[in-house]
Amino acid sequence: MKNWWYYYKWYVICGGVLFCISIHLIGNAFGWFKKTPDIQIAYIGETRLPDDTVSALENAFAYLAGDYNHDGETLVQINQFIKGSPNDKDADIISYRQALTIALMGDINDCESYFFLMEKPEEVQKEFQVLAMPDGSCPDDTDFSSEDKVFQWKSCGLLSELELGNYTTTVLGQTESGSNQELLSDLYLGRRCFYNKKQTKYADKCGQLWNILQGGLNGL
């Protein structure tokens, strides 16, 4: 064995290193080494949310939700899909917008995000018809309205009364800052429906959180 090890030890070591690298690459590709989010939220708007606002959103939903997958941590993931302004005529911007639309369709088809945070929910529903009815069911084929399927952030006391702090971001070389609550106040929150048996992970738990948020609407 000593003689064999003397001649072949570097083959064994190199093979072991290559094996570890392969496992690492395959694991990253299949998400083996990534923590699974308890909640995923798709943000759809014309401009990207500042990093500070994203962090505040993740912390807010982590505070309201729970450790659905029982891994010892409540993890919320914000998936941003920026459509840009419809007035943009630049070819690169149009191509980028089309790529993001495809990415959003992938999110919907793969049932990744359960909640949808939107600037213009009527446009989202008209294009994707993904927003659920009040009882969680899918709308009729001819129903492209967002009415009764979403609520405005500022109308929900549980959300609008959270202390979310401020954001600071740089846009075109200019530093901007403001209140995260003010930035989110006019956005709309909805939940997705499922047209087949495939569902978002922890959909039942997310549905319970949706009911809690609905119960916190002003006037209810």
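For the structure given in this document, a descriptive report is provided here. Computed from a predicted structure; not experimentally measured. (Residues numbered from 1 in each chain as written. Predicted model: local features only at pLDDT ≥ 70, side-chain atom pairs only at ≥ 80, totals over all residues. Heavy atoms only, no water.)

Time to look at the sheet that holds strand β2 (residues 76–82). Taken in spatial order, the five strands of this open sheet run β2-β1-β3-β7-β4, and their pairing is mixed. Edge strands, defined here as strands with exactly one partner in the open sheet, are β2 and β4 (150–152). Going from strand to strand, the sheet's axes swing by 25 degrees on average, the running direction of each strand aside. Two strands pair when backbone bridges link them, and β4 and strand β7 (residues 188–191) are joined in this way by three bridges, in the antiparallel orientation. (Pairing = 2+ DSSP bridges. Helix = DSSP H or I, 4+ residues; strand = E, 2+ residues; numbered from the N terminus. Axes fitted to C-alpha atoms, helices over the stretch in contact; angles between N-to-C directions.)

What follows concerns helix α2 (residues 51–64). Taking 1.5 Å of rise per residue, 14 residues should cover 20 Å, and α2 covers 20 Å from first to last C-alpha, within 8% of that figure. Turning to α2, its buried residues are Thr53, Val54, Ala56, Leu57, Ala60 and Phe61. Take α2 and look down its axis: the buried residues cluster within an arc of 160 degrees, on one side only. Every exposed residue of α2 that faces more than 90 degrees away from the buried side is listed here: Asp51, Asn59 and Tyr63. (Expected span 1.5 Å × (residues − 1). Buried < 20%, exposed > 50% of the residue type's maximum accessible area, 1.4 Å probe, protein only. Arc of directions from axis to C-beta.)

Okay, the packing of aromatic side chains next. Enumeration according to the criterion identifies five aromatic pairs in this entry. When the ring of Tyr114 is compared with that of Phe115, the centres are 5.0 Å apart and the planes differ by 75 degrees; the resulting orientation is edge-to-face. No difference in accessibility class separates Tyr114 from Phe115, as the two residues are buried. On the basis of an interplanar angle of 35 degrees and a centroid distance of 6.3 Å, the ring pair of Tyr114 and Phe194 is categorised as tilted. Of the two residues, Tyr114 sits in the loop between α3 (91–109) and β3 (115–118) while Phe194 sits in the loop between β7 and α7 (203–215), which places them 80 residues apart along the sequence. Overall, the relative accessible area of 3% leaves Tyr114 in the buried class. Taken together, the ring pairs connect Phe61, Tyr114, Phe115, Phe151, Phe194 and Trp210 into an aromatic cluster. (Phe/Tyr/Trp six-rings, centres within 6.5 Å; stacked < 30°, edge-to-face > 60°.)

All right, on to the side chain of Gln129 then. Structurally, the position occupied by Gln129 is in the loop between α4 (121–128) and β4. When its relative accessible area of 11% is taken as the criterion, Gln129 is described as buried. Within the structure, Gln129 has its side chain in polar contact with the backbone oxygen of Asp141 (distance 3.2 Å). Among residues more than four places away in sequence, those in contact with Gln129 are Val124, Pro139, Asp140, Asp141, Thr142, Asp143, Phe144 and Tyr195. (Polar contact = N/O pair within 3.5 Å; in protein donor to acceptor, adjacent residues only side chain to side chain. Contact = heavy atoms within 4.5 Å.)

With that settled, the discussion passes to α4. Of all the positions in α4, only Pro121, Val124, Gln125 and Phe128 are classed as buried. One side of α4 carries all its buried residues, which in axial view fall inside an arc of 95 degrees.

Before going further, it helps to spend a moment on the pairing of β3. Along β3, one buried face is formed by Phe115 and Leu117 and the opposite face, lined by Phe116 and Met118, is buried too. Where strand β1 (residues 39–45) meets β3, four bridges bridge the pair, whose relative direction is parallel. For Ile41, the partnering residue across the bridge sits in β3 and is Phe115. In the sheet, β3 pairs with β7 via four bridges, with the strands oriented antiparallel. Residue pairing in the sheet places Leu117 in a bridge with Leu189 of β7.

Another point: the pattern of salt bridges. Enumeration according to the criterion identifies four salt bridges in this entry. For Lys149, the salt bridge is made with Asp143, and the minimal N-O distance between the two is 3.0 Å. When sorted by exposure, Lys149 lands in the same class as Asp143, which is buried. Across the pair Asp186 and Lys154 runs a salt bridge whose closest N-O atoms are separated by 3.0 Å. Note that Asp186 is positioned in the loop between α6 (180–184) and β7 and Lys154 in the loop between β4 and α5 (157–160), a separation of 32 residues in sequence. Residue classification places Asp186 among the partly exposed positions, given a relative accessible area of 44%. (Salt bridge = Lys/Arg side-chain N within 4 Å of Asp/Glu carboxyl O.)

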